[in-house]
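# Examining the three-dimensional arrangement
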Amino acid sequence: MMVQEGPIQLVCLTASSGVPLFTRGASRQLPFSIIGSLNGVHMFGSGQGVVLSSCETEGGGKVVWRVFQDSVMLIAVSGGHQAGSSKGERVYLQRLLENVWSSMVMVLGQDELTNVRNVERLKKDLRSCFGLIDVLLEDQKEGILGQLTHCADCLLSPQPTLLQEALQGFAKAADSEFGCLLVHGRIAAATDMWWRLAPQEIVLLSALMLSLSDSASASCDYPVFLPQGSPTVAHRLLCFRLLPGADVCVLCGPTPSLHGAESGLVGRFWSPLVDMVRNCLAIGERCLPASLSLRPDILAFLLINRENHRSISSVLPPMCAQPQGDPALPPKARCWELLKLFYIFCTTRYFKQEEASPLTEEEEEGAHQGNTEDFVHGLSHQPLQCYLVTDECKSFGLQTSQHQLFLLLPPVVPTFALPTIATQTLSTITAATAF
């Protein structure tokens with residue numbers, strides 16, 4: 001079976017009969033014959049008591065299957081175009097299917113997906129999920145790593161207290177305890193109850209707000225289900241655009257009306273803070289206040305707070321010219337890709353991820369098959385540091401009881417200096433921001 005090269009393609013079918021429901025992710029869709037073959041080989045395995053979860057084609061393509069609630073089968077197909085290990089790409093595809101299913105539950109509700117009475121009607125209803133699913137499929141979306149880590153992507157505002165107070169008052173006036181301010185797809189402020197949502201729900205709500213922000217309307221009233229907290233009862237998600245790239249939202253009940261909140265609450269709470277919101281927008285993908293300086297040789301970083309499942313990440317522009325004769329530094333898009341690959345490398349081999357793991361228990365068991373470093377699982381201690389040296393960069397991972405830090409640095413940085421650089425970077429960020 002030949003799998004064409006190109007972007008990741010997603011196929012959704014009914015689990016019982018294999019009726020295609022939709023395909024997303026590529027301008028040139030998989031032929032019906034290949035979709036039928038992918039479904040057929042999975043059904044054959046099930047009939048023999050074998051669960052087929054993934055495979056690799058002769059051309060380097062990867063295919064991952066997952067059945068949810070004995071109702072819907074999702075298949076992710078990668079044409080082998082992405083750099084990185086086969087195992088790493090499989091981990092990414094497995095997490096993608098998990099997120100796509102939860103996004104379908106978020107938009108339609110679990111009952112609509114598990115009690116299918118009319119397949120043609122379900123096909124039509126699933127179109128409302130396409131915007132959110134397409135955001136999940138946009139692997140090139142730089143800086144949004146929560147879909148992989150299941151930690152909320154955050155932006156550290158220079159004036160967090162004032163934004164937090166405004167958000168708390170805005171949510172309370174809207175008869176809600178759940179409020180969030182999103183800037184460039186990252187959370188700049190959120191209420192305490194918003195942070196108590198499941199980590200995956202927070203990530204998917206941020207992705208949903210990104211998909212809704214593409215619409216022409218500056219505000220919207222959207223019904224959502226919480227995949228873990230409320231998969232069968234919908235809530236209202238009220239979203240309001242404060243400035244291009246900055247949106248505020250609340251999860252609420254029947255009141256207030258969209259018009260009432262827009263006309264009576266948005267201006268009252270947010271007009272005085274327009275300059276602060278602009279300051280957040282100016283931070284951009286750096287995610288850190290301008291007053292916080294990091295080492296000039298850091299290419300990129302991902303910092304995860306393990307206790308509250310929040311993260312900040314950034315690719316930093318070179319602060320000094322490269323000496324002649326030194327290897328060329330990877331471009332920005334490649335740095336994001338290398339950061340993702342190093343995160344997967346660390347978390348599937350060395351660092352325990354607990355609730356924020358990119359793998360379910362079943363997937364984790366499969367991920368370790370063929371691992372050349374299985375000796376790690378026989379150690380009596382938990383690894384706290386790891387590094388990787390390639391022609392493109394040097395990568396270092398540091399784990400503490402509260403944090404995980406993943407760094408990319410130029411190849412010319414001495415390997416022996418990596419632990420010191422990582423420790424100093426972690427101390428600099430946490431001391432200045434209390435992250």
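The structure under discussion appears in the preceding block.
Our subject in this report is the structure included herewith. Everything numeric here is computed off the predicted structure, so don't read it as measured data. (Residues numbered from 1 in each chain as written. Predicted model: local features only at pLDDT ≥ 70, side-chain atom pairs only at ≥ 80, totals over all residues. Heavy atoms only, no water.)

The next point concerns the overall build of the chain. A tally of helices and strands in the chain yields 14 helices and 16 strands. Across the 435 residues in the chain, those meeting the buried criterion constitute 54%. For the chain, restricting intrachain contacts to residue pairs at least 6 apart in sequence, the fraction spanning at least 24 positions comes to 64%. As displayed, the chain has an accessible area near 19,200 Å², and 53% of this comes from carbon and sulfur atoms. (Helix = DSSP H or I, 4+ residues; strand = E, 2+ residues; numbered from the N terminus. Buried < 20%, exposed > 50% of the residue type's maximum accessible area, 1.4 Å probe, protein only. Contact = heavy atoms within 4.5 Å. Areas by Shrake-Rupley, 256 points an atom, 1.4 Å probe, with all protein chains shown as cover.)

Below, the discussion takes up helix α12 (residues 332–347). For the α-helix, the turn length of 3.6 residues means that residues three or four positions removed from each other point alike. With 16 residues, α12 should reach 22 Å at 1.5 Å per residue; the first-to-last C-alpha distance of 23 Å fits that figure. Most of α12 sits inside the fold, with twelve of its 16 residues counted as buried. All of the buried residues in α12 are Arg334, Cys335, Trp336, Leu338, Leu339, Lys340, Phe342, Tyr343, Ile344, Phe345, Cys346 and Thr347. (Expected span 1.5 Å × (residues − 1).)

Below, the discussion takes up the sheet that holds strand β10 (residues 230–243). Strands sit in the order β8-β7-β11-β10-β9 across an open sheet of five strands; the sheet is antiparallel. Of all the strands in the sheet, the pair left with one neighbour each is β8 (186–190) and β9 (219–226). Each strand axis lies, on average, 30 degrees off the axis of its neighbour in the sheet, ignoring direction. In terms of strand pairing, strand β7 (residues 178–183) meets strand β11 (residues 246–252) through six bridges, oriented antiparallel. Directly across from Leu181, in β11, lies its bridge partner Val248. Across the face of the sheet, helix α10 (residues 258–270) comes into contact with β7, β9, β10 and β11 while running at roughly 50 degrees to β10. (Pairing = 2+ DSSP bridges. Axes fitted to C-alpha atoms, helices over the stretch in contact; angles between N-to-C directions.)

Time to look at the pairing of strand β4 (residues 62–68). Burial of β4 is extensive: five of the seven residues sit out of reach of the surface. By the bridge criterion, three bridges tie strand β3 (residues 54–56) to β4 in an arrangement that is antiparallel. Within the sheet, the bridge partner assigned to Ser54 lies in β4 and is Val64. The hairpin turn running from β3 into β4, its antiparallel successor, is five residues long, and Gly60 in that turn takes a positive phi close to 90 degrees. Sheet topology note: the β4/strand β5 (residues 72–78) ladder contains seven bridges and is antiparallel. What sits directly across from Val63, in β5, is Val77. The turn joining β4 and β5, which pair antiparallel and follow one another in sequence, is formed by three residues; a positive phi near 55 degrees is taken by Gln69.

Ordered by their spatial adjacency, six strands build an open sheet running β6-β13-β12-β16-β15-β14, and the pairing between neighbours is mixed. Strand pairing shows two members of the sheet lacking a second neighbour, β6 (152–153) and β14 (385–389), which therefore form its edges. Pairing geometry for strand β12 (residues 300–305) and strand β13 (residues 310–315), over six bridges, is antiparallel. For Asn305, the partnering residue across the bridge sits in β13 and is Arg310. Each of β12, β13, β14, β15 (394–399) and β16 (403–409) is contacted by helix α14 (residues 418–433), which is oriented at about 125 degrees to β16, the strand it contacts most.

Attention shifts here to unusual backbone geometry. Cis peptide bonds are those with omega within 30 degrees of zero, and the linkage from Thr255 to Pro256 qualifies with 0 degrees. If you trace the backbone, Pro256 turns up in the loop between β11 and α10. For Gln69, which is not glycine, the phi torsion reads 55 degrees and is therefore positive. Along the chain, the position of Gln69 falls in the loop between β4 and β5. Although it is not a glycine, Cys287 adopts a positive phi angle of roughly 70 degrees. The topology assignment puts Cys287 in the loop between α11 (274–283) and β12. The exposure class of Cys287 is buried, given its relative accessible area of 0%.

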